[in-house]
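# Architecture at a glance
Below, each chain spelled out in residue letters.
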Amino acid sequence: MPLVVWELPREKERWKVARAVQMRVDGKSDDALTLLDEVVEDDPQNVAALLLRAEWLLQESQADRALADLDRAVEISPDDRDLLRIRATVLLTVGRYDDAIRDTDTALASVATEDHIRRSMYLNLSAYYRAIANQELTRAKEDIDEALKLVQDEDSRMALLDTRGFVLYRMERYDEALADLNAAIPVADKELEQWDQMKATISRRGHDIEAMAKKVYRNVAVIYYHRGLIYEALGQKEQAEADFAKVRGWGLEPGEDLF
């Protein structure tokens, strides 16, 4: 079969995906999802389409359907550690902590000899997911300490310091936890300022500004939520409530589901 003929169906599906993305940017979320459903139906092995649909379903609070798409994607590409990472996050949202940690450990084992940036990312996830599950905290502390040794850039260390602070909070080492969160928050505030300066330009380029904004604010809100928990544990209720109020100001509710 000539290559050009074999490529035509794939090009058609790519065009449909691009059209669906634009429809979602234009606020036609239901129509966009319907079109993406067509893509997956026509090409069940299309991992990119499955991944995109899972992301949209998550945004619509349909975690179970998103997880089904991610399960299919992992079946198609079982060695793709980024798929494992994404599925682990969804598994956390539905309370399947052991499965989430198992996916993360599998991904971490696959980057044992790779560059320090990628390895630090998976070490961070290993530690953070264990802290969320409140299990194997010694292992979590070891992993996040190793990640911090690998990364020196201040901006990149922000998420790692947040994770270590949360692990230390779980270990009831509150003063150490607070020191890490106090180091992470100024960097988070700086990133938020940069986002506020950039979002108008990003919007003009046709990106889904609303979805991007939710991710930015959620990332910062998580750090404030963690510090609020530590203040609360230390009996500093006024400071804790101030941090929780910031979280609510970004349209989120401080609680166990915020991670």
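In this text, all values refer to a predicted model and were calculated from it rather than measured experimentally.

Looking only at helices and strands, one finds 12 helices and 0 strands in the protein chain. The N-to-C order of helical and strand elements in the protein chain reads α-α-α-α-α-α-α-α-α-α-α-α. Its C-alpha atoms give the protein chain a radius of gyration of 20 Å, near enough to 18 Å, the size a compact globule of 259 residues would have. Evaluated residue by residue, the protein chain yields a buried proportion of 42% over its 259 residues. The contacts of the protein chain with a sequence gap of at least 6 include a subset with a gap of at least 24, amounting to 53%. Split by element, the accessible area of the protein chain, about 14000 Å² in all, is 49% carbon and sulfur. Between the averaged position of the 36 positive side-chain charges in the protein chain and that of its 52 negative side-chain charges there is a distance of 2 Å.

By secondary structure assignment, the location of R227 is in helix α11 (residues 209-233). Of the polar contacts made by the side chain of R227, one reaches the side chain of D243; its length is 2.7 Å.

Bringing the packing of helix α7 (residues 116-133) against helix α8 (residues 137-150) into the picture now. Contact geometry of α7 with α8 gives a least axis separation of 8 Å together with a crossing angle of 155°. Taken together, the axes of α7 and α8 are roughly antiparallel relative to one another. Our pair here, α7 against α8, has a crossing hand that is left-handed. Residue-level inspection shows H116, R119, S120, L123, N124, S126, A127, R130 and A131 of α7 in contact with α8, the latter providing L137, R139, A140, D143, I144, E146, A147 and L150.

Next up on the list: the packing of α7 against helix α9 (residues 154-170). Their axes nearest at 9 Å, the elements α7 and α9 cross at an angle of 30°. One finds that α7 runs roughly parallel with respect to α9. Between α7 and α9 the crossing geometry is left-handed. From α7, S120, N124, A127, Y128, A131 and I132 reach across to α9, where they touch A159, L160, T163, F166, V167 and R170. Split into classes, the residues belonging to the contact of α7 with α9 amount to 8 nonpolar, 3 polar and 1 charged.

In this section: the environment of Y217. Within the secondary structure layout, Y217 lies in helix α11. Other than its neighbours up to four places away in sequence, Y217 contacts L192, W195, D196, K199, W250 and L252. Among the polar contacts listed, one links the side chain of Y217 to the side chain of D196, at a separation of 3.4 Å.

Once that is clear, we can look at the nonpolar core. Core analysis: the biggest nonpolar cluster contains 78 residues, and L36, W56, Y129, F166, I223 and V247 have the highest contact counts within it. In terms of residue count, α11 provides more of this core than any other element does, 11 residues in total. Setting aside its immediate chain neighbours within four residues, V247 contacts A221, Y224, Y225, L252, E253, P254 and L258.

Let us look at α11. Over its 25 residues, α11 extends 36 Å from the first C-alpha to the last, a length consistent with the 36 Å expected when each residue adds 1.5 Å. Phi turns positive one or two residues past the end of α11, at G235, with a value near 80°.

The subject of this paragraph is the packing of aromatic side chains. To describe a pair of aromatic rings, you give the distance between the ring centres and the angle between the ring planes. What the rule picks out here adds up to 6 aromatic pairs. With a centroid separation of 6.5 Å and 40° between ring planes, the pair formed by Y128 and Y129 is classed as tilted. For the pair Y128 and Y129, one class covers both residues: buried. Consider the rings of Y225 and F244, whose centres lie 6.1 Å apart with planes at 40°: the pair is tilted. Note that Y225 is positioned in helix α11 and F244 in helix α12 (residues 237-249), a separation of 19 residues in sequence. The pair Y225 / F244 is uniform in exposure class, with both members buried. Taken together, the ring pairs in this structure connect Y128, Y129, F166, Y169 and Y174 into an aromatic cluster.

What counts, and at which threshold
- Residues numbered from 1 in each chain as written.
- Predicted model: local features only at pLDDT ≥ 70, side-chain atom pairs only at ≥ 80, totals over all residues.
- Heavy atoms only, no water.
- Helix = DSSP H or I, 4+ residues; strand = E, 2+ residues; numbered from the N terminus.
- Rg over C-alpha atoms; globule rule 2.2 N^0.38 Å.
- Buried < 20%, exposed > 50% of the residue type's maximum accessible area, 1.4 Å probe, protein only.
- Contact = heavy atoms within 4.5 Å.
- Areas by Shrake-Rupley, 256 points an atom, 1.4 Å probe, with all protein chains shown as cover.
- Lys, Arg positive; Asp, Glu negative; His and termini not counted.
- Charge placed at Lys NZ, Arg CZ, Asp CG, Glu CD.
- Polar contact = N/O pair within 3.5 Å; in protein donor to acceptor, adjacent residues only side chain to side chain.
- Axes fitted to C-alpha atoms, helices over the stretch in contact; angles between N-to-C directions.
- Parallel < 35°, antiparallel > 145°, perpendicular 65-115°, else oblique.
- Left-handed = near helix turned anticlockwise from the far one by under 90°.
- Nonpolar A, V, L, I, M, F, W, Y, C, P; charged D, E, K, R; others polar.
- Core = buried A, V, L, I, M, F, W, Y, C linked by side-chain atoms within 4.5 Å.
- Expected span 1.5 Å × (residues − 1).
- Phe/Tyr/Trp six-rings, centres within 6.5 Å; stacked < 30°, edge-to-face > 60°.

By themselves, these are just geometric observations and shouldn't be taken as functional.
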